[in-house]
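# Coordinate inspection notes
Residues per chain are reported as follows:
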Amino acid sequence: MKYGYFDQKNREYVIDKIDVPVSWTNYIGVNDMCGVLNHTAGGYLFYKSPEYHRITRFRPNGVPMDRPGHYVYVRDDETGDYWTLSWQPVGKSLDSAKYVCRHGLSYVKYQCEYSGIFGEQTLFIPLDDPVEIWDVALRNDSSSKRKLSVFSYAEFSYHHIMIDNQNFQMSLYCAGSSYKDGIIETDLFYEAEGYQYFTGDGGSSDNSEKYFDCLRDEFIGPYRTETNPIAVEKGFCSGSFELGGNHCATLRKTVELEPGAQTRLVFLLGEGKREDGKKMRAKYCMSNFSAVDTAFAALKNFWKEKIDKLQISTPHDGMNTMINTWTLYQAEINVMFSRFASFIEVGGRTGLGYRDTSQDAMMVSHSNPKKSRSRITELLKGLTTDGYGLHLFSPEWFEKKENAGFKSPTVVPGFNKSQYVHGIKDACADDALWLIPSIVEYIRESGDISFADEKYTYADTFDPETGGGMEESVFDHMKRILDFSDREIGPHGVCKGLRADWNDCLNLGGGESAMVSFLHYWALTHFIALGKYLGRDIKKYEDMAVKVKKICEKELWNGSWYTRGFTSSGRAIGVPDSKEGRVHMESNTWAVLSGAASPEHGKAAMDAVDQFLYTPYGLRLCDPAFSEPDDEVGFVTRVYKGLKENAAIFSHPNPWAWAAETVLGRGDRAMKFYDALCPYNQNDKIEVRKAEPYMYCQFVCGSDHSAFGRAHHPFMTGSAGWAYFAATRFMLGIRPDFDSLIVDPCIPVSWPSFNVRRVWRDAVYNITVENPSGISKGVKECKLNGKNVTCGKEGAQIPVQKAGSENAITVVLGT
Ligand code: NOJ
């Protein structure tokens with residue numbers, strides 16, 4: 001069953017059957033302010049941190065689902081009938097009302113046709129100002145003159161989510177609201193400068209009490225919900241405001257429309273005092289709202305510039321749609337807002353996850369080099385001199401402590417070494433290893449060679465008072481990470497599993513993790529490549545790589561596939577005679593992807609992945625699922641079968657398998673795996689998938705579960721970044737090196753050709769790949785602007801071209 005379609009021209013996903021089974025979400029804002037909104041305008045807004053700086057309230061995991069939101073009510077003042085421009089919260093019968101939601105890149109449009117009135121509400125945040133714009137359009141499509149009232153509604157939150165949700169003896173008495181000159185202001189009285197405003201223009205209103213409500217309970221009324229607010233039912237507000245209580249943003253405007261006439265209203269929601277609201281109103285509401293149009297066009301252009309960095313045209317419509325728009329978008333949103341703002345992660349546990357952020361930063365270095373770099377530097381400062389990263393940390397901890405003066409309860413807690421530098425017992429074995437490839441890929445993409453010698457502090461050397469401390473180069477930080485994994489090994493010489501590796505639920509402690517050793521090897525290959533390019537002495541690490549590879553083959557190849565690890569008592573996990581968890585994705589894909597596996601063992605390992613883990617909805621994380629609690633293995637054995645890490649189709653590692661298959665040269669197998677997980681392919685299977693088909697989800701229920709195929713936790717997952725990386729760099733094979741662009745595809749044999757437009761270091765590369773003999777991998781010939789270019793085992797190597805140049809590249813596959 002289908003609920004919508006991909007609008008390629010506008011780069012929107014259009015939901016035209018609005019009663020989707022679960023919330024289908026989107027993110028607005030690309031800098032400091034962010035809104036998480038669903039298809040019915042439910043959701044919330046925050047500034048920088050969803051934990052410490054919430055602007056609007058959300059009732060997570062609630063009934064009815066996903067309320068409140070940022071709503072516009074319309075009331076026919078002659079009949080008393082009313083509705084919202086988003087289907088919910090009023091929820092008009094879909095027999096008489098037509099609702100559409102258009103999820104665009106950092107904006108959402110809610111459209112409604114009801115009772116002869118067409119209405120549209122667009123929500124977005126301009127690039128230049130932290131203010132949420134509600135751009136509302138109304139048109140009278142009926143044959144009679146209409147008199148309408150328009151009401152805005154959003155519920156304000158206290159800034160600190162904890163205080164807002166738990167500490168009512170405080171929060172209910174520490175915020176006040178007032179109305180003046182068309183502007184609602186809330187004052188978070190306990191904070192030094194905690195203010196929010198709501199204002200707008202368009203339609204008619206005056207300053208009398210019928211035109212505003214600042215108190216939620218006055219607007220909604222007792223024994224009612226957002227579905228039937230008393231103010232809307234009556235047709236006018238009550239002019240409520242108070243010091244203390246729950247506050248809302250309701251302005252009422254009246255509108256009269258002749259048949260065929262249209263009008264526009266704009267509302268503005270932001271941080272700051274009434275004066276700030278006034279300034280924003282002056283900026284955005286003058287001259288027929290032309291500044292709103294300019295800001296919206298600038299936002300569109302912001303995304304166009306990113307998207308234009310890499311555009312593909314292949315025989316696969318789904319891949320084109322996902323890579324050209326949605327997968328990049330999802331990867332970018334993860335880098336911008338990490339994992340902690342969604343309808344699942346509701347903002348009570350924020351900061352940067354070391355491993356997630358390290359991986360995210362690697363995926364958008366071409367489209368967001370500034371953000372990749374700044375995330376990498378934040379992570380470098382979150383590394384300890386022991387060489388492990390702080391699993392979860394706030395980058396603000398490593399900024400110089402300014403004299404805060406008044407200490408509000410909502411300020412982000414400062415850095416406290418003894419609390420946050422927790423020691424190896426709590427370290428995750430993989431966290432910092434991910435940072436090495438991210439740094440190297442960033443340098444390959446940008447050519448920013450000097451970055452390797454920039455100096456940064458460590459978490460345990462940082463002094464918050466001075467903002468300084470012992471510093472070392474980026475290159476030296478990388479050495480400490482590699483040395484940590486070299487040191488922290490178990491009896492087989494394989495890296496210890498510690499608190500966890502990539503798999504949060506595999507808690508091997510002093511036991512050993514194959515995945516970490518393979519990742520160590522992968523990080524070493526990146527570091528060695530960089531060291532060689534920079535002409536540094538890296539002998540120690542070359543020897544380390546040889547040793548790690550040898551240990552991996554000797555200790556982890558079990559004759560059929562790659563073992564997942566060893567428990568602290570020395571029991572092997574993921575071997576042919578394991579009763580449960582016999583075959584695992586992480587060890588087998590990483591054996592191949594890291595380059596540590598021999599081709600023969602690599603093929604057998606990936607054949608086992610195909611045989612035991614493949615399903616039509618993607619690859620499961622392991623097989624068979626665990627059913628007996630076993631604390632030596634970890635929490636995974638206490639998770640229901642087929643959910644999350646216990647044999648669900650965990651999306652994030654799926655692209656590792658696509659990439660691994662391309663290392664083996666098996667383009668058809670890579671595409672089979674790509675297709676199984678691809679959300680686009682499930683656009684017409686929503687009765688199974690339930691979740692949005694434009695986003696990868698964290699996991700899809702596995703075959704052991706009664707809801708096999710149902711996807712959970714959209715948007716905030718590293719799956720998109722990896723999907724993008726694996727598809728573009730491994731399947732389409734276009735990857736930057738230090739001074740050449742490599743083209744080394746591995747595609748289905750049925751593809752006759754494909755094209756890619758790639759911007760790299762400010763030059764354009766228009767690449768055509770031809771496949772006359774129907775093979776998957778192997779470059780026979782390459783021409784750059786008509787001249788032959790070196791081709792080798794690694795594919796074609798196109799030298800860096802002059803910034804500003806446009807270049808034609810033709811690559812012919814063959815043996
Ligand atoms: C989600 C976590 O954010 C991520 O760090 C982890 O790798 C996966 N779960 C798998 O456990």
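Structure's up top.
In this report, we go over the structure that sits alongside the text. Just so it is clear, the model here is predicted, and its values are computed rather than measured.

Cut-offs and rules
Residues numbered from 1 in each chain as written. Predicted model: local features only at pLDDT ≥ 70, side-chain atom pairs only at ≥ 80, totals over all residues. Heavy atoms only, no water. Helix = DSSP H or I, 4+ residues; strand = E, 2+ residues; numbered from the N terminus. Expected span 1.5 Å × (residues − 1). Buried < 20%, exposed > 50% of the residue type's maximum accessible area, 1.4 Å probe, protein only. Polar contact = N/O pair within 3.5 Å; in protein donor to acceptor, adjacent residues only side chain to side chain. Phe/Tyr/Trp six-rings, centres within 6.5 Å; stacked < 30°, edge-to-face > 60°. Lys NZ or Arg CZ within 6 Å of the ring centre and 35° of its normal. Salt bridge = Lys/Arg side-chain N within 4 Å of Asp/Glu carboxyl O. Core = buried A, V, L, I, M, F, W, Y, C linked by side-chain atoms within 4.5 Å. Contact = heavy atoms within 4.5 Å. Pairing = 2+ DSSP bridges. Axes fitted to C-alpha atoms, helices over the stretch in contact; angles between N-to-C directions. Near = heavy atom within 4 Å. Areas by Shrake-Rupley, 256 points an atom, 1.4 Å probe, with all protein chains shown as cover.

### Considerations on helix 13 (residues 514-534)
Along an α-helix, residues three or four apart share an orientation, since each turn contains 3.6 residues. If you check helix 13, its first and last C-alpha atoms are 30 Å apart, about what 21 residues at 1.5 Å a residue would give, namely 30 Å. Counting buried residues in helix 13 gives 17 out of 21 residues, a clear majority hidden from the surface. Looking at where helix 13 begins, the residue whose side-chain oxygen comes 3.3 Å from the main-chain nitrogen of Met515 is Ser513. Phi turns positive, to about 75°, at Gly535, one or two residues after helix 13.

### Some words on the packing of aromatic side chains
With the rule as written, the count across this model stands at 57 aromatic pairs. Ring centres of Tyr107 and Phe296 lie 4.9 Å apart, and the angle between their planes is 70°; this geometry places the pair in the edge-to-face category. On the criterion of sequence distance, the pair formed by Tyr107 in strand 9 (residues 107-114) and Phe296 in helix 6 (residues 290-307) is long-range, its members being 189 residues apart. Taken together, Tyr3, Phe6, Tyr13, Trp24, Tyr27, Phe302, Trp303, Trp326, Tyr329, Tyr680, Tyr694 and Phe715 form an aromatic cluster joined through their ring pairs. The side chain of Arg54 reaches across the aromatic face of Tyr44, ending 3.9 Å from its centre.

### Some thoughts on the pattern of salt bridges
Pairs may arise between side chains of opposite charge once their charged atoms sit close together. Counted according to the given criterion, the structure contains 59 salt bridges. Among the charged side chains, a network of salt bridges with common partners joins Arg57, Arg59, Arg67, Glu155, Asp164, Arg216, Asp217 and Glu226.

### Things to note about the nonpolar core
Across soluble globular proteins, nonpolar side chains show a tendency to be buried alongside one another. Leu138, Trp590, Tyr674 and Trp722 are the most contacted members of the largest nonpolar core, which has 248 residues in total. Discounting chain neighbours no more than four positions away, the residues touching Trp722 are Gln359, Met362, Met363, Trp434, Trp522, Trp590, Leu593, His652, Pro655 and Trp656.

### Some points on the sheet that holds strand 5 (residues 43-47)
Strand pairing in a sheet is mediated by backbone hydrogen bonds. Such pairs are either parallel or antiparallel. Overall, antiparallel pairing links the 3 strands, which are arranged 3-4-5 in an open sheet. With partners counted over all chains shown, the strands left at the sheet margins are strand 3 (26-28) and strand 5, one partner each. On average, each strand axis in the sheet is tilted by 20° relative to the strand beside it, whichever way the strands run. For strand 4 (residues 33-37) and strand 5, the ladder comprises 5 bridges, and the chain directions are antiparallel. By the bridge assignment for strand 5, Met33 is matched with Tyr47. Sheet contacts for helix 7 (residues 317-337): strand 3, strand 4 and strand 5; angle to strand 3, the most-contacted strand, approximately 55°.

### Section: the site of the ligand
Around the ligand, a shell composed of Arg355, Asp356, Trp502, Asn503, Asp504, Glu645, Phe650 and Gln698 is seen. Contact distances for the ligand include 2.9 Å between an oxygen atom and a backbone N or O atom of Asp504. Separating an oxygen atom of the ligand from a side-chain N or O atom of Glu645 is a distance of 2.4 Å. For the ligand, the accessible surface in isolation is 300 Å², of which the surrounding protein chains cover 84%.

### Description of the sheet that holds strand 18 (residues 262-271)
Ordered in space as 1-2-8-9-10-11-18-15-14-13, the 10 strands form an open sheet in which the pairing is antiparallel. In this open sheet, the two edge strands, each paired with only one partner strand, are strand 1 (4-7) and strand 13 (175-180). Within the sheet, the average angular offset between the axes of one strand and its neighbour, ignoring direction, is 15°. Sheet topology places strand 15 (residues 194-201) next to strand 18; 6 bridges connect them, and they run antiparallel. Across the sheet, Thr199 pairs through a bridge with Leu268, a residue of strand 18. Contacts from helix 7 reach strand 1, strand 2 (12-15) and strand 8 (98-104), with the element oriented near 105° to strand 1.

### Examining helix 12 (residues 474-487)
In this model helix 12 runs 20 Å from its N-terminal to its C-terminal C-alpha over 14 residues, within 8% of the 20 Å that 1.5 Å per residue would give. Taken together, the buried positions of helix 12 are Val474, Phe475, His477, Met478, Ile481, Leu482, Asp483, Phe484 and Ser485.

### Regarding the side chain of Arg620
As for its position among the elements, Arg620 is in the loop between strand 30 (618-619) and strand 31 (622-623). Under the relative-accessibility criterion, Arg620 is labelled buried at 5%. Looking at Arg620, its side chain comes within polar contact range of the side chain of Asp623, at 2.4 Å. Of the polar contacts made by the side chain of Arg620, one reaches the side chain of Asp704; its length is 3.1 Å. Every residue in contact with Arg620, bar those within four places of it in the chain, is listed here: Met585, Phe612, Leu613, Thr615, Ala647, Ala648, Ile649, Gly702, Ser703 and Asp704.

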